[in-house]
Amino acid sequence: MAAILLHKGGRQLRRKEVKQEEMTQLVVFRLGEEEFGVEILEVQEIILLSPITRVPRAPEFVEGVINLRGEIIPVVDLRKRFGLSADELKDEARIVVVDVNENLVGMIVDEVTQPLSLPTSQIQPPPPLAGGVEATYLRGIGKLEGRLIVILNLERALSASEVQALEEMEVS
């Protein structure tokens, strides 16, 4: 809370309390027609789609690995992970490199639209099923200017066994 003093001609008229709203910083991207977001502090970088090396016996939603400045990073196709229809990737597609449980993971997205500051009061708990994505994967649904943004919970988007499998891919 911040206090604002209103003055007129040297005398105090009234004291007005102004509540400063807490904001959530997001990186917003598209998967098909839907907008998704992840907290900006979880994003390490956003890179152009680059050649991906396939890895035998990887889970279906894992496209393979990339070499990012000498570090091998597994790459996940979020459409497959969330059971969404797999369309052909366009020039706008990107790999969003995120930190999931202290492991770097690349996420293929159709397009990164923008960073966004969203008032926390505009984020509601996820419904049981949202846009085909299980509620356990979600942190909430953000509302801004008529838009709905599905905010992902990256720690739950991959199970502990899946994260372990991705770690083993990095070491191999």
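Bear in mind that the values here come from a model prediction, so they are computed numbers and not experimental data. (Residues numbered from 1 in each chain as written. Predicted model: local features only at pLDDT ≥ 70, side-chain atom pairs only at ≥ 80, totals over all residues. Heavy atoms only, no water.)

A. Molecular detail of the confidence of the model for the protein chain. Across the protein chain, the average pLDDT comes to 82, with 76% of residues at 70 or higher. The secondary-structure element of the protein chain with the lowest mean pLDDT is strand β1 (residues 2-8), recorded at 52, while strand β5 (residues 43-48) shows the highest, at 96. (pLDDT = per-residue confidence, 0-100. Helix = DSSP H or I, 4+ residues; strand = E, 2+ residues; numbered from the N terminus.)

B. Highlighting the sheet that holds strand β8 (residues 94-100). Taken together, the five strands give an open sheet; going across it, the order is β5-β8-β9-β7-β6, and neighbouring strands pair in mixed fashion. Here the strands that pair on one side only, and so sit at the sheet edges, are β5 and β6 (62-68). Taking the axes of each pair of neighbouring strands and ignoring which way they run, one obtains an average angle of 30 degrees across the sheet. (Pairing = 2+ DSSP bridges. Axes fitted to C-alpha atoms, helices over the stretch in contact; angles between N-to-C directions.)

C. How the structure looks around unusual backbone geometry. Notably, arginine 57 is not glycine yet its phi reads approximately 60 degrees, a positive angle. According to the relative accessible area criterion, arginine 57 is exposed, its value standing at 85%. For asparagine 101, which is not a glycine, the phi torsion comes out positive at approximately 50 degrees. Position of asparagine 101 relative to the elements: it lies in the loop between β8 and β9 (103-109). (Buried < 20%, exposed > 50% of the residue type's maximum accessible area, 1.4 Å probe, protein only.)

D. The nonpolar core, seen in detail. Of all hydrophobic cores here, the largest spans 23 residues; its most connected members are Phe29, Val38, Leu78, Val98, Met107 and Leu152. Among the secondary structure elements, those contributing two or more residues to this core are β3 (23-31), β4 (34-39), β8, β9, β14 (138-144) and β15 (147-152). If we ignore the near neighbours within four places in the chain, the residues touching leucine 152 are Phe29, Phe36, Gly37, Val38, Leu78, Phe82, Tyr137, Leu138 and Arg139. Among the nonpolar cores identified, the runner-up in size contains eight residues, and Ile47, Ile73, Val75 and Val97 belong to it. (Core = buried A, V, L, I, M, F, W, Y, C linked by side-chain atoms within 4.5 Å. Contact = heavy atoms within 4.5 Å.)

E. Representation of the pattern of salt bridges in the model. Summed over all chains, the structure comprises seven salt bridges. The closest approach of N and O atoms between arginine 139 and glutamate 39, which form a salt bridge, is 3.2 Å. Of this pair, arginine 139 sits in strand β14 while glutamate 39 sits in strand β4; the two residues are 100 residues apart in sequence, bridging distant segments of the chain. Given the relative accessible area of 31%, arginine 139 is considered partly exposed. A residue is classified by how much of its surface remains accessible, and glutamate 39, at 28% relative accessible area, is partly exposed. With its nearest N and O atoms 2.4 Å apart, the salt bridge here joins aspartate 110 to arginine 79. One end of the pair, aspartate 110, is in the loop between β9 and β10 (111-119); the other, arginine 79, is in helix α1 (residues 78-81), with 31 residues separating them in the sequence. The class for aspartate 110 is buried, based on a relative accessible area of 17%. Counted as one network, the salt bridges with shared partners bring together Glu39, Glu42 and Arg139. (Salt bridge = Lys/Arg side-chain N within 4 Å of Asp/Glu carboxyl O.)

F. Structural context of the packing of aromatic side chains. Scanning all chains against the criterion turns up one aromatic pair. Here phenylalanine 29 and phenylalanine 36 contribute two aromatic rings whose centre-to-centre distance is 6.1 Å and whose plane-to-plane angle is 15 degrees, an arrangement assigned as stacked. (Phe/Tyr/Trp six-rings, centres within 6.5 Å; stacked < 30°, edge-to-face > 60°.)

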